[in-house]
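Residue-level structural notes
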Amino acid sequence: MDNPLYSVAQIRAIEQAAQAQLPPGTLMQRAGEAASTYALEVLGGLPNGRILVLAGPGNNGGDALEVAANLANFGANVDIVHVAGTAPSPEAQHALARAQASRARFIDDVDAGNGGCLVVDGLFGIGLSRPLDGRARALVERVAAMTCPVLALDVPSGLDADTGAIIGPDGVAVRATHTITFLGNKPGLYTGDGCDHAGRVHVNRLGTASMHGEHARARLNRPALFTGLLAPRRRNSHKGTFGDVAVLGGARGMAGAGILAARAALYAGAGRVFVAAVDTAPAYDPPQPEIMFRDAAGFAFDGRTVVAGPGLGDSAGAMHLLGKVIDGTGPLLVDADALNLCAASPDLATRLAAHAGPLVLTPHPLEAARLLGVTAPIVQADRLEHARELAQRMDAVVVLKGAGSIVARPDGEVALNATGNPGLATGGTGDVLAGLVGTLLSQGWPAWEAALAGVWLHGAAADRLVASGVGPIGLTAGELPRAIRAELNALVSDAEQA
């Protein structure tokens, strides 16, 4: 599987398999060598300034001590702060002896290492199960005040490698600029707090690739997962070839949400785009007069892909119309107000789970929490598992939006999306995503691939805008559709030339 992401339990199994086949201490030595090489790559060569290494009491600390010894032997000026434990492993004891025999200097306080060129975080790895406290917490807080690069070993200390959440309700975690992660990649580096704490991630399997026997149920999203469905458009085609998208929304005071979804559908290549408005619809959209507005009560939804929810409201009429499209058989995307209506109505939720056609749900954490009967903080504490649960419960592909959006399907497979930036944290961007995914569904894409492509393109469009000087502060949802069009055409061109 491309770009697999392994749970902590799976990493432990890989580690045990490797240790059964390799001489004692081999993995720690390899980790130290890989991290030392990567540290010099981050620095652009052997530095003149001091390198500060934080080594914890366990095997993650042993990896850090190996790094310190290696860098010192290369000729770097290395300071070590060692948070000793009561029962270190033989491998960690050997690493400590190596560091003590090297030119590295052991110090007691981080302040003595200030002004350095790199911090190496080896306090705690994937085995941490409680919030950082005492001396370790103080060290993390002092590192946060430094301006130099920070290289985390395996996972930033204090971050849950499975969930991407900071461990503990009042926990802290190292904010790294770079992470070198060992044996296999971890999902927590790409979602939730992991997006802000892991920095640039480099994976080194330490020579254990042949020992990865267990199937990883998560992966990183990337174009290779969906570009097989992209193809140049034939000249002998017409607007009916590329699908009809109908946006069910347009309640009074919220017409903009439906228009944003419709514009996204238009720029993503839908043949015809309608807004079926539950209240009085505008005559037309001046910037995009190609969008057709209709009264939802008399609109023929059959034969069209429906994007239900943007600006739908919560009226009895909205609930009736939502039930109508849920009971249909065409491709259906459910977002925003439509999700909340389903959460409030067990009958609608049951009918939604039984929808006969392709089905994609695109909740943000609060909407997902309402559907699951929990709170948003509970969802955020384990985004992967709650996305999986919702996908299984609703028998749908689910996009759990947020930092590191998660695409989940009913069989438990998930993909984490790494495109995008904080510019997307503004009203209306979810409506744009809904229209984009709806367009792909209208063109016959399976729900899984449509969701993967939609979240990737949505984030890549925001990245394109920021790279061109638009945002992230002040980036608006209305600016995304044109950037999505550019990203989509670039992918089609690349696929054609491949």
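Summary of the structure given here. The shown structure was predicted, so the numbers you read here are calculated from the model rather than taken from an experiment.

1. Description of the pairing of strand β2 (residues 50–55)
Remark: a regular strand shows side chains that alternate across the two faces of the sheet. The buried fraction of β2 amounts to 5 of the 6 residues, a majority that puts the element mostly inside the structure. Note: β2 against strand β3 (residues 77–82), 6 bridges, orientation parallel. For I51, the partnering residue across the bridge sits in β3 and is V78. The pairing of β2 with strand β5 (residues 118–122) spans 5 bridges and is classified as parallel. Bridge pairing in β5 places L52 opposite V119.

2. Let's talk about empty space enclosed by the protein
Scanning all chains against the criterion turns up 1 cavity of 30 Å³ or more. A volume near 40 Å³ is recorded for the largest cavity. In this structure, the largest cavity is lined by G250, A255, I259, V275, A277, P282 and F293. Put simply, the parts of the chain that give the lining of the largest cavity at least two residues each are α7 (255–267) and β11 (272–277). Of the residues in the lining of the largest cavity, the class split is 6 nonpolar, 1 polar and no charged.

3. Regarding the nonpolar core
Counting 94 residues, the largest nonpolar core has V78, L153, L248, L322, L332, L352 and L361 as the members making the most contacts within it. When residues of this core are assigned to their parent elements, the largest contribution, 8 residues, is made by helix α2 (residues 26–43). Leaving out residues up to four positions away in the same chain, L352 has contacts with I326, L332, V334, C342, L359, L361 and M394. In terms of nonpolar packing, the next biggest core, distinct from the first, is built from 54 residues, A268, L440, A451 and V492 among them.

4. Let's talk about the packing of helix α15 (residues 447–467) against helix α16 (residues 480–497)
Between α15 and α16, whose axes approach to 8 Å, the crossing angle comes to 110°. Classified by the interaxial angle, the pair formed by α15 and α16 is roughly perpendicular. Here W456, L457, H458, A460, A461, A462, R464 and L465 of α15 come into contact with α16, specifically with L480, A483, I484, A486, E487, L488, A490 and L491. When its residues are assigned to classes, the contact of α15 with α16 shows 13 nonpolar, 1 polar and 2 charged.

5. Observations concerning the layout of surface pockets
In this structure, the largest pocket spans a volume of roughly 880 Å³. Listed by contribution, the elements that provide at least two residues to the lining of the largest pocket are α6 (194–197), β8 (200–204), α14 (429–442) and α15. Ranked by residue count, the leading element in the lining of the largest pocket is α14, at 4 residues. Classifying every residue of the lining of the largest pocket gives 13 nonpolar, 17 polar and 6 charged.

6. Considering unusual backbone geometry
That bond from G471 to P472 is cis: its omega, 10°, falls within 30 degrees of zero. Within the fold, P472 resides in the loop between α15 and α16. Unusually for a residue other than glycine, L183 sits at a positive phi of about 70°. Using a relative accessible area of 6% as the deciding quantity, one classes L183 as buried. Positive phi, normally seen in glycine, also occurs at A336, with a value near 50°. With respect to the helices and strands, A336 occurs in helix α9 (residues 336–344). Judged by relative accessible area, A336 falls into the buried class, the value being 15%.

7. Here's the deal with the sheet that holds strand β14 (residues 332–334)
With respect to topology, 11 strands assemble into an open sheet ordered β1-β9-β18-β17-β16-β15-β14-β13-β10-β11-β12, the strand pairing being mixed. Whereas interior strands pair on both sides, the edge strands pair on one side only; in this sheet they are β1 (4–5) and β12 (292–295). Docked against the sheet, helix α13 (residues 383–394) engages β9 (218–220), β15 (359–361), β16 (397–400), β17 (406–408) and β18 (414–416), running at close to 35° with respect to β17.

Definitions and cut-offs
- Residues numbered from 1 in each chain as written.
- Predicted model: local features only at pLDDT ≥ 70, side-chain atom pairs only at ≥ 80, totals over all residues.
- Heavy atoms only, no water.
- Buried < 20%, exposed > 50% of the residue type's maximum accessible area, 1.4 Å probe, protein only.
- Helix = DSSP H or I, 4+ residues; strand = E, 2+ residues; numbered from the N terminus.
- Pairing = 2+ DSSP bridges.
- 1 Å grid on protein atoms, 1.4 Å probe; cavity = no way out; pocket = protein on both sides within 12 Å on 5 of 7 lines; lining within 4 Å.
- Points joined across faces, edges and corners; volume = space filled by probe spheres on them.
- Nonpolar A, V, L, I, M, F, W, Y, C, P; charged D, E, K, R; others polar.
- Core = buried A, V, L, I, M, F, W, Y, C linked by side-chain atoms within 4.5 Å.
- Contact = heavy atoms within 4.5 Å.
- Axes fitted to C-alpha atoms, helices over the stretch in contact; angles between N-to-C directions.
- Parallel < 35°, antiparallel > 145°, perpendicular 65-115°, else oblique.

By themselves these figures say nothing about function.
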